[in-house]
Amino acid sequence: MQRFRGAVGLLVAVGIAIGVAASGVRANPSVSAVVHVERGCAPGTPLAGVAVTLRGAGGTRLSAELFGSGPSGAVLIGQSAAALCETARINVNVLTGLAANGIRTLVVRRRTPPASAKLELGDVRAAIGALRRRGAHRIAVIGEAVSGVLALGAAPAARGSLTAVVALSGPGGSPFLPAALNAVGKLHAPLLLVADQGNAAAVSSARKLLATAPGPDNQLALVPTAGRSSLLDPRRGPPATALAKRIVDFVAESTHLPPATTRGTAISRLGPSFRTATGYDRYSYVVVGIGDAEAAGKLRARSLVYMSGTSVQPRFFTGVTVDEAHRHDWLLKDAVGKYMMNAKYGAFIGDLGNPSYQARWAANVIRFLRANHNDGVFIDDVIADAPSLTGGAYPAKYPNQAAWEDAQVAFITAVGGKLKARGFYVVAESVGYVAGDPRSNSGELTARFWQRLAPGLNGLWSEYWLELPTDIRALRAAGTADWTQFWSGWQGLVSVAQNAGVDFFAEMYGSGTNVAVMRYGKASFLLDWDGRGGGFAYTPENGTADPWNKEWMLNIGRPAGAKYRVGVGWRREYTNGTTMVNPSLTTPQVYALGSTYFQPDGTPTSTVTVAPTTALTLRRAQP
């Protein structure tokens, strides 16, 4: 089986420092990230380098040190004159940050004396292969000075697995410009170029590289002058620290979000539906059942496997088997000793507040994800009140809403922390519904519940987001007169999740041709999306239908400003388009666009009218 299906993010380092805002990828605080370079690279200290010997091009033995752990990796190529530990010292902030994001880094020393480009390119590819064999799903390559050119030169070998390039240029970079231009022209991935603003040749080279690179999300950062010192050297203080953070954020985002047709998209394909469609690498996230975990593990798209801590299924694995739960008395009972059941799906209810149950669930799921090379887990049934799951009753152990919710939070905190510490991505489908509490209608209880759950997660998922679970053809509108309204409260969950430090996901259902639902959901998502992780998912009612549709997969780039009111509606600009939502129940809204945009059918327009409870997303006409 192909172990490596992920992305080689390529970092070309040739000097360093920065003044550009970080991309904001959230570090995993549960990972120990102390790099003891002062004590050398001896093994045994927390996150100290572990000695590794590689067989490079031509069979040459190469010395390396491995830092950190996780399903993603990075190759950091040192200079031929620099010892491995000196390279680690200079890059300590990068190593620390990558480890905190579940990215292990292999520090490799170049040959001394330097060899031919062909041999040294072979060495870089050998290092990439070494990380693949150790289970790294996606790999970044980091070089400095001449090593940066080697990193760029290794890019073609990565082919479709490349997710990002960070090229840091400095003194001595310009003579290698022709080779770098040739390599960059073959990249189809986000590129971050960093140049010492005091080095005119480096700045000029970076601009030429940026103009040549065909990737969709390329960036240029001009940083404070460092003279002869490395811009990443921690002795330079805040500039070096800021640059390291920028690098870590860019690499972490790229390794966590593999290339897809459209960022901000997700798809759920459970049961037999996975096998009835193709093209899953067009999405950023794919949620599958256990039967398709191995196939999904080979995708570049991030694969999340369906599990549940609340429901223990007798028919399939959801984290703990029924036999395990019976043997350890981990199945909840009601006040008369009868087993509690998921009324809709016929599953037992697990003792999710029990630390032993939590530990076994986490261990089982980690083992399953590793075996199938998946990126993370989708945890279903994270519900704030038991009666909505059981048909009206509370378990004896958690006899009221507060006790049940505390148990849910304890479960997510425990298992989420364990999975995140090992570099896995953890999403929970969750709702704060409590029968009889009017705050359930507005999304307020869900927002409060999410704020408690967020520390244990990477993402929160809202099912039936802006439609009625009882009638998916009915979309939520603005207003508070009826429980079917409250659009602003539910749409606001995008910001609730992101402000809590996690990604937001929304799922809506409809026919394979229900354009109105696709547009309304995706545009409402885009109004507050931060442009990083998370996604909108449209799931056809017919499980065999292909979910792809240009109406919700349209790529309009990155957010270019905050949303703003236009009459009864809202609008937000993106780098390659604009999105508009009219949540009014009765009033249409006219939008004067200010320039020419293309409607979904390709017709150019500068003014549109958006009907009540509808939305429209348009591509910008190129100047």
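Please read all numbers here as calculations on a predicted model, not as lab measurements.

Undergrad: Can you explain the pattern of salt bridges? Please cite residues and give values.
TA: Two side chains that carry opposite charge are able to pair once their charged atoms sit near each other. In the structure shown here, the tally under the stated rule is 16 salt bridges. Arg235 is the salt-bridge partner of Asp233, the closest N and O atoms lying 2.9 Å from each other. Overall, the relative accessible area of 67% leaves Arg235 in the exposed class. The partner of Glu324 in a salt bridge is Arg360, with the nearest N and O atoms 2.9 Å apart. One end of the pair, Glu324, is in helix α9 (residues 322-327); the other, Arg360, is in helix α10 (residues 355-372), with 36 residues separating them in the sequence. For Arg360, a relative accessible area of 27% corresponds to the partly exposed category. By sharing partners, the salt bridges in this structure join Glu86, Arg89, Asp233 and Arg235 into a single network.

Undergrad: Outline the environment of Arg571, supporting the account with residue identities and numerical values.
TA: Structurally, the position occupied by Arg571 is in strand β24 (residues 569-574). By relative accessible area, Arg571 is classed as buried at 5%. Along the chain, Arg571 and Asn582 lie 11 residues apart, while their C-alpha atoms are 8.9 Å from each other. Those residues in contact with Arg571, other than ones at most four positions away along the chain, are Leu527, Ala562, Lys563, Tyr564, Val566, Thr578, Thr579, Met580, Tyr591, Ala592, Leu593 and Tyr597. Within the local environment of Arg571, its side chain forms a polar contact with the backbone oxygen of Ala592, the two atoms lying 3.5 Å apart. Only 3.2 Å separates the side chain of Arg571 from the backbone oxygen of Leu593, close enough to count as a polar contact.

Undergrad: Any details on empty space enclosed by the protein? Residues and values, ideally.
TA: Tallied over the full model, the rule gives 2 cavities of 30 Å³ or more. Quantified by volume, the second largest cavity comes out at close to 70 Å³. In terms of lining, the second largest cavity is formed by 10 residues, of which the most central are Ile77, Val108, Glu120, Asp123 and Val124. At 4 residues, the largest contribution of residues to the lining of the second largest cavity is made by helix α3 (residues 117-133). Here the residues of the lining of the second largest cavity are counted per class, giving 6 nonpolar, no polar and 4 charged.

Undergrad: Describe in detail the packing of aromatic side chains, supporting the description with residues and values.
TA: As enumerated under the stated definition, the model contains 22 aromatic pairs in all. Arranged with centres 4.6 Å apart and planes meeting at 10°, the rings of Phe274 and Tyr280 form a pair that is stacked. Ring geometry for Trp450 against Phe504: centres 6.0 Å apart, planes inclined by 50°, an arrangement best described as tilted. Here Phe504 lies in strand β21 (residues 503-510) and Trp450 lies in helix α14 (residues 444-453), a separation of 54 residues in the sequence. Judged on exposure class, the residue Trp450 and its partner Phe504 are both buried. Taken together, the aromatic side chains of Phe274, Tyr280, Tyr283, Phe536, Tyr538 and Trp552 make up a single cluster linked through ring pairs. Here Arg302 stacks its cationic end above the ring of Tyr425, 3.8 Å away from the centre of that ring.

Undergrad: Residue-level account of the side chain of Asp292, with values.
TA: By the element assignment, Asp292 lies in the loop between β11 (285-288) and α8 (293-296). In contact with Asp292, other than residues within four places in its own chain, are Gly271, Phe274 and Arg275.

Undergrad: An account of the sheet that holds strand β13 (residues 311-312) is needed here, citing residue identities and associated values.
TA: Judged by pairing direction, the sheet is antiparallel, and its 3 strands sit side by side in the order β13-β15-β14 without closing on themselves. Every other strand in the sheet has two partners, leaving β13 and β14 (341-342) as the edge strands with one partner each. Note that β13 and strand β15 (residues 347-349) share 2 bridges and pair antiparallel. From the neighbouring strand, Ser311 faces β15, where its bridge partner is Ile349.

Undergrad: Provide a residue-level description of the confidence of the model for the protein, including the pertinent values.
TA: Chain-level statistics for the protein give a pLDDT mean of 83 and a share of 84% at 70 or above. A low-confidence stretch, residues 1-40 stays under pLDDT 50, and its non-local contacts, those more than four residues away or across chains, total 178 contacts. Across residues 42-46 the pLDDT falls below 50, and counting only partners more than four positions away or on other chains, this stretch makes 9 contacts in the model.

Analysis parameters
- Residues numbered from 1 in each chain as written.
- Predicted model: local features only at pLDDT ≥ 70, side-chain atom pairs only at ≥ 80, totals over all residues.
- Heavy atoms only, no water.
- Salt bridge = Lys/Arg side-chain N within 4 Å of Asp/Glu carboxyl O.
- Buried < 20%, exposed > 50% of the residue type's maximum accessible area, 1.4 Å probe, protein only.
- Helix = DSSP H or I, 4+ residues; strand = E, 2+ residues; numbered from the N terminus.
- Contact = heavy atoms within 4.5 Å.
- Polar contact = N/O pair within 3.5 Å; in protein donor to acceptor, adjacent residues only side chain to side chain.
- 1 Å grid on protein atoms, 1.4 Å probe; cavity = no way out; pocket = protein on both sides within 12 Å on 5 of 7 lines; lining within 4 Å.
- Points joined across faces, edges and corners; volume = space filled by probe spheres on them.
- Nonpolar A, V, L, I, M, F, W, Y, C, P; charged D, E, K, R; others polar.
- Phe/Tyr/Trp six-rings, centres within 6.5 Å; stacked < 30°, edge-to-face > 60°.
- Lys NZ or Arg CZ within 6 Å of the ring centre and 35° of its normal.
- Pairing = 2+ DSSP bridges.
- pLDDT = per-residue confidence, 0-100.

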